[in-house]
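Spelled out, the chains give:
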Amino acid sequence: MTTEATIEQATIDWLTDLGYKHQLGTALPQNHNTEVVLKDRLLQFIQQQYPDIPKEIQTLAVSEFTNNAGADLEHRNRSFHLKLTKGIEFAYEDASGKEKAVHMYPIDFTNPENNSFWAVNQFSITGKNKRRPDIIIYINGLPLIVFELKNWYDQNTNVKEAHNQIQHYKKDIPLLFEYNALTIISDGNEAQHGMFSSGMEWFAAWKSINGRDTVQDNDFQMHTLLFGLFPKDRILNYIKNFIFHEDHNGKLIKKGAKYHQFFGVNFAVDAAKKSVRPFGDGRIGVIWHTQGSGKSISMAIYTGILRSLQELKNPTIVIQVDRSDLDRQLYENFVLAKDLVGDVQHADTTNDLRKLLSAGAGGVIFTTIEKFRLKQTTDEALGELEHPILSDRENIIVMADEAHRTQYGLLDGFASNLRKALPKASFIGFTGTPIDSKDADTQEVFGSVIHTYDIKQAVADNATVNIFYEPRLAKLHLWNESIDDEVDEITEGEEDNSNLKWAAIEDAAGSEDRVNKIAKDILNHYTNRTNTLKGKAMVVCMSRRNCVKMYNALTALDGCPEVAVVMTGNISKDPVDWNPHFRTKDATEGIKARFKKEDDPLKIVIVRDMWLTGFDAPCVHTMYVDKIMKGHNLMQAITRTNRVLKDKKNGVIVDYIGIGDNLKTATSKYTGSGGEGKPTIDMEQALELFFNQVEICKAFIPESIDYSDWKRLRDADKVLLVKAALNHVIKYDEDANNYMKAEKTLSSLLSIVKSQTEIQAYAVDVLFAQHVSKALRNAKSVTSSRGEQKERIKELISQSIDSEDIVDVFAMAGIEKPDISILDETFLLGAKNEKDGHALKIELIKNILKDEIKLRLHKNIKKYTSLREELEKVIERYHTNALDSYATIAEMVERAKDLQNEDKRTEELGLSEEELAFYDILAAKKDIIKEEGPIQDIVHAVVKAVKSNLQYDWTKKENAKAAIRLAVKKELRKKVSLAKLNEILEEIMQQAEGQYSDWSA
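In this text the structure is predicted, and so the values were computed from the model without any measurement.

Peer 1: What is the right way to read the environment of Asp213 from this model?
Peer 2: Topologically, Asp213 is positioned in the loop between β10 (191-194) and α7 (221-229). Residue Asp213 is classed as partly exposed on the basis of its relative accessible area of 29%. Along the backbone, Asp213 and Phe615 are 402 residues apart, and their C-alpha atoms lie at a distance of 9.5 Å.

Right, here's the structure in full:
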């Protein structure tokens, strides 16, 4: 039976594994008395650490560190914590009588091994009552951590009882908690950490050992807590930098970081050391910690650590917020965290900000981004054309809160001004919302994602890059329900314990011809990709059999780099020719170590299930998927490619089997896919196009219109300039349309290059062009007739289909496909990471079609009601994964073509568009039509009868409707079976009401 003592011993065993010394409390001389500090151990550390100071000062230091001032326990705990983490300065005279000073710490935070770490159990303390905490962690004789454990298998106890017991200890042996940094409570099943003064709701599990992967449900929480937080360097780092007291008008609240804050901040500190100028390019990175998870505390902790780094030489930290309310809120949080960050200054005005930033090094400055404004023209002075440099120091770090909202306008605006004011500053972004494809330039501005803590409170990897999705083949479609009947049963399918369908798909996926083609495509793609970006690739196959087939096909090709298959093996069942791919555990670890090394010649691994979770190799930038995956497994797999490594800007998922519809949440920058193997944007080419487009736009504006002083002009003067340009361009429709297209192209290019500093010289040209184009659009905007709307929507459908409706997969299936080398801008705007590129396109086509249907519905209720129903069925089937994304797009395209073919029908039938709807009604009932000859003749007569009797507001007048009904009835009386006349008449009236409801004379 597992008892409290068993859990206690397991904890001690793990602490011993971490290098702590186990010490029985009963053997200590302080046992059973009121002493809680092992002063002999503390003195021994001080003598060892500061051997050259007088003995009386060493003894005095022990006394000072163990004499805590404060009116209550919380204040005495704070007093000790400040001495512990900030040290105490002692003055003394050396042997020659010379005055000296030494700053002493009771712990060596820099060199963990210089300290003694004891795990003490069975140690009794006498206070108001005698108590014996389960385990006390002593560091250099100071009781810094208390463990209280309950019996795992006692159904009548739980972790709350352990917390309750701590509250009693505070009353009975309060002296112990003057020194307490951290408290651990556990019932065996749960293990949580927190501050001794905190309520139960503030205790939490430590869910990660490495900061990248969260623990699984079956992990033992105490094990994760100890190996995640209690390695000696980590626990010292936590005690020194991640615990603080907030003073709320005399009431102290002690706080300690949760695991995602600890790891996120530490990763950010490492990134700063590499990225802050002059060590790097000034782009530290981005922290995404979801709202409500203590982002402001993380920022305060991070600030405190940066200020203490010697290599930064007393840096200035600028906290930049995009809204005044957030500015004040964050500022107040920093003031409360004064123990960590020191004094904080707030810039209330633009002049305040300029004065603070022009001063010397050091300090923390709060500001909103709008305070980086230019001074406007006044009666006394001209305005500023650009922001002056306030400081060119390299040890300035700008921390942008909600970074992705305000920092991309490097062409013009406050963000641009900030960069000009602090040209050598480094930048880190903090955000509480996910960074999706709307925030496409986040990495360009701030650098890579350093740490993510999402809304599900699962710690993601310490850094991520965006992921491109490239569908390449679609030989297999799981939606084909007849596949069971079409493929013979494969006996080897039992190796995967799968059903017949899976076995059939595996057999088809593993066909020799298909595997050879994919292998050749993989090698071509990988070769092209590595020409521009060094890195490695993973290939994911449907089965171990297919892994071996892929290995044989790849390695048979000229120019193939070293490849390895990583899979399990069963020598009693598996074919002998698989044997070269079977390895011992140590050999597999060796392969893993090689694959993780960027310069190792092993470049590609082929897997089925192994290494798709919990495997971190930053050099992997491409994954070739030939296995159907979905949900969590799919997301785990594709994130193997999103680790940040030096110049790696993205990961690429190349899909050979149709996982597009399952890939809802992968982040994609579709603007970057400029061709096979080159998914990154060629920025030099983009800049050249941008500069050329600026000149094209300028050519429309006469030289007499001088807008060079645009930035310092008053609004009234700007309006007159725009009006002058507008009057010139709008004279001729062709010029006006060409100008608007030219400006739209310019703005599209701007979205790609706006993070490049070279464009700033063209800021005024772009701003003026955008103003003129907007004014031009407003001037030419009139309410379109229904016919014009119809034509515009038809054109939009055509453009949407032509730009990227079908990808390479259709070409391989023999379906005609258009050129997709350039993606239509319409598909990119408003992209969200909840949908992959195909889902966005389907959604767009769906909306376009719906608009088209809404527009035409009044013309042909019968035809378009059924089309609408079919459309909804297609979408429903897409969302329920009955079709894969490729087939869905193809089906949507067919629906769109149906609409576009309507005009051809009217010509072929010799009918007008308004007559076509009535034709469909009569054609559907041709079996009840008695008159010989074409139905079109009856249609002409019916429509004429309807239109001859229309009047204003006729649908609201029963007598008007009766007149139309009578006229139509007369036309049909001898031509249609009398028994069915009323039925067909009702449909015609319904169509007439829809089609002519807004009729006016």
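Peer 1: Would you mind showing me how to read the packing of aromatic side chains here?
Peer 2: To describe a pair of aromatic rings, one takes the distance between the centres and the angle between the planes. A complete count under the given rule lists 26 aromatic pairs for this structure. An angle of 50° between the planes, with centres 5.9 Å apart, marks the rings of Tyr238 and Phe262 as tilted. Here Phe262 lies in helix α9 (residues 259-275) and Tyr238 lies in helix α8 (residues 232-241), a separation of 24 residues in the sequence. For the pair Tyr238 and Phe262, a shared accessibility class is recorded, and that class is buried. Among the aromatic side chains, those forming a connected cluster through ring pairs are Trp206, Tyr238, Phe242, Tyr259, Phe262, Phe263 and Phe267. Its end group placed over the ring of Phe109, Lys240 keeps NZ or CZ at 6.0 Å from the ring centre. Arg419 extends its terminal NZ or CZ atom over the ring of Phe427, reaching a point 3.6 Å from the ring centre.

Peer 1: What is the right way to look at the packing of helix α35 (residues 958-972) against helix α36 (residues 978-996) in this model?
Peer 2: Two quantities define a packed helix pair, namely the angle between the axes and the distance from one axis to the other. The interhelical angle for the contact between α35 and α36, taken along N-to-C directions, is 130°, at an axis separation of 10 Å. Relative to α36, α35 is oriented oblique. Crossing handedness for the pair α35 and α36: right-handed. Listed contacts from α36 to Lys961, Ile964, Arg965, Val968, Lys969 and Leu972 of α35 are Leu981, Asn982, Ile984, Leu985, Ile988, Met989 and Glu993.

Peer 1: So what exactly am I meant to see when it comes to helix α14 (residues 414-421) here?
Peer 2: Since the α-helix packs 3.6 residues into each turn, any two residues three or four apart lie on the same face. Among the eight residues in α14, seven count as buried, and that is most of the element. Of the positions making up α14, those classed as buried are Ala415, Ser416, Asn417, Leu418, Arg419, Lys420 and Ala421.

Peer 1: Where do I start with the pattern of salt bridges in this structure?
Peer 2: The full count for this structure, using the stated rule, is 23 salt bridges. The closest approach of N and O atoms between Lys232 and Glu113, which form a salt bridge, is 3.5 Å. In this pair, Lys232 sits in helix α8 while Glu113 sits in the loop between β3 (99-104) and β4 (117-121), placing the two residues 119 residues apart along the sequence. By relative accessible area, which is 11% here, Lys232 ends up buried.

Peer 1: Just checking my understanding: could you explain the nonpolar core for this structure?
Peer 2: Most often, soluble globular proteins have nonpolar side chains that are buried together. Formed by 116 residues in total, the largest nonpolar core has its most connected members in Phe230 and Tyr302. At nine residues, the largest contribution of residues to this core is made by α9. Here Tyr302 is in contact with Val265, Ala268, Val269, Ala272, Ile284, Met399, Ile428 and Phe430, once residues within four sequence places are set aside. Formed by 31 residues, the second largest nonpolar core is a distinct cluster that contains Ile921, Val946, Val968 and Leu972.

Peer 1: What is the right way to look at the sheet that holds strand β17 (residues 396-401) in this model?
Peer 2: By definition, the strands of a sheet pair up through backbone hydrogen bonds, in either a parallel or an antiparallel sense. As summarised here, the arrangement of the seven strands in space is β15-β16-β14-β17-β18-β13-β19, forming an open sheet in which the pairing is parallel. The sheet is open, and its two borders are formed by β15 (344-346) and β19 (449-453), each paired with just one other strand. In this sheet, adjacent strand axes meet at a mean angle of 20° when their direction is disregarded. Pairing between strand β13 (residues 283-289) and β19: four bridges, direction parallel. Residue pairing across strands places His289 opposite Tyr453, the latter belonging to β19. Set on the sheet, helix α10 (residues 295-308) makes contact with β13, β14 (316-321), β16 (364-368), β17 and β18 (426-431); between it and β17 the angle comes to about 175°. Across the sheet, helix α13 (residues 350-358) touches β14, β15 and β16, and the angle it forms with β16 is around 150°.

Peer 1: Even after reading the chapter, I still don't get the side chain of Gln693, so can you show me in this structure?
Peer 2: Tracing the backbone shows Gln693 in helix α22 (residues 683-698). Gln693 has contacts with Ala742, Thr745, Leu746 and Leu749, leaving out every residue within four places of it along the chain.

Peer 1: Would you take a moment to explain the sheet that holds β4 for this structure?
Peer 2: As summarised here, the arrangement of the six strands in space is β1-β4-β7-β8-β9-β10, forming an open sheet in which the pairing is mixed. Edge positions in the sheet fall to β1 (21-24) and β10, since each has one partner strand and no second. The sheet shows a mean angle of 25° between the axes of neighbouring strands, taken without regard to direction. Examined bridge by bridge, β1 and β4 share four bridges and lie parallel to one another. Each residue of the ladder has a partner; that of Lys21, found in β4, is Trp118. On the sheet, helix α5 (residues 159-172) packs against β8 (142-149) and β9 (182-186) and is oriented at approximately 140° with respect to β9.

Definitions and cut-offs
Residues numbered from 1 in each chain as written. Predicted model: local features only at pLDDT ≥ 70, side-chain atom pairs only at ≥ 80, totals over all residues. Heavy atoms only, no water. Helix = DSSP H or I, 4+ residues; strand = E, 2+ residues; numbered from the N terminus. Buried < 20%, exposed > 50% of the residue type's maximum accessible area, 1.4 Å probe, protein only. Phe/Tyr/Trp six-rings, centres within 6.5 Å; stacked < 30°, edge-to-face > 60°. Lys NZ or Arg CZ within 6 Å of the ring centre and 35° of its normal. Axes fitted to C-alpha atoms, helices over the stretch in contact; angles between N-to-C directions. Parallel < 35°, antiparallel > 145°, perpendicular 65-115°, else oblique. Left-handed = near helix turned anticlockwise from the far one by under 90°. Contact = heavy atoms within 4.5 Å. Salt bridge = Lys/Arg side-chain N within 4 Å of Asp/Glu carboxyl O. Core = buried A, V, L, I, M, F, W, Y, C linked by side-chain atoms within 4.5 Å. Pairing = 2+ DSSP bridges.

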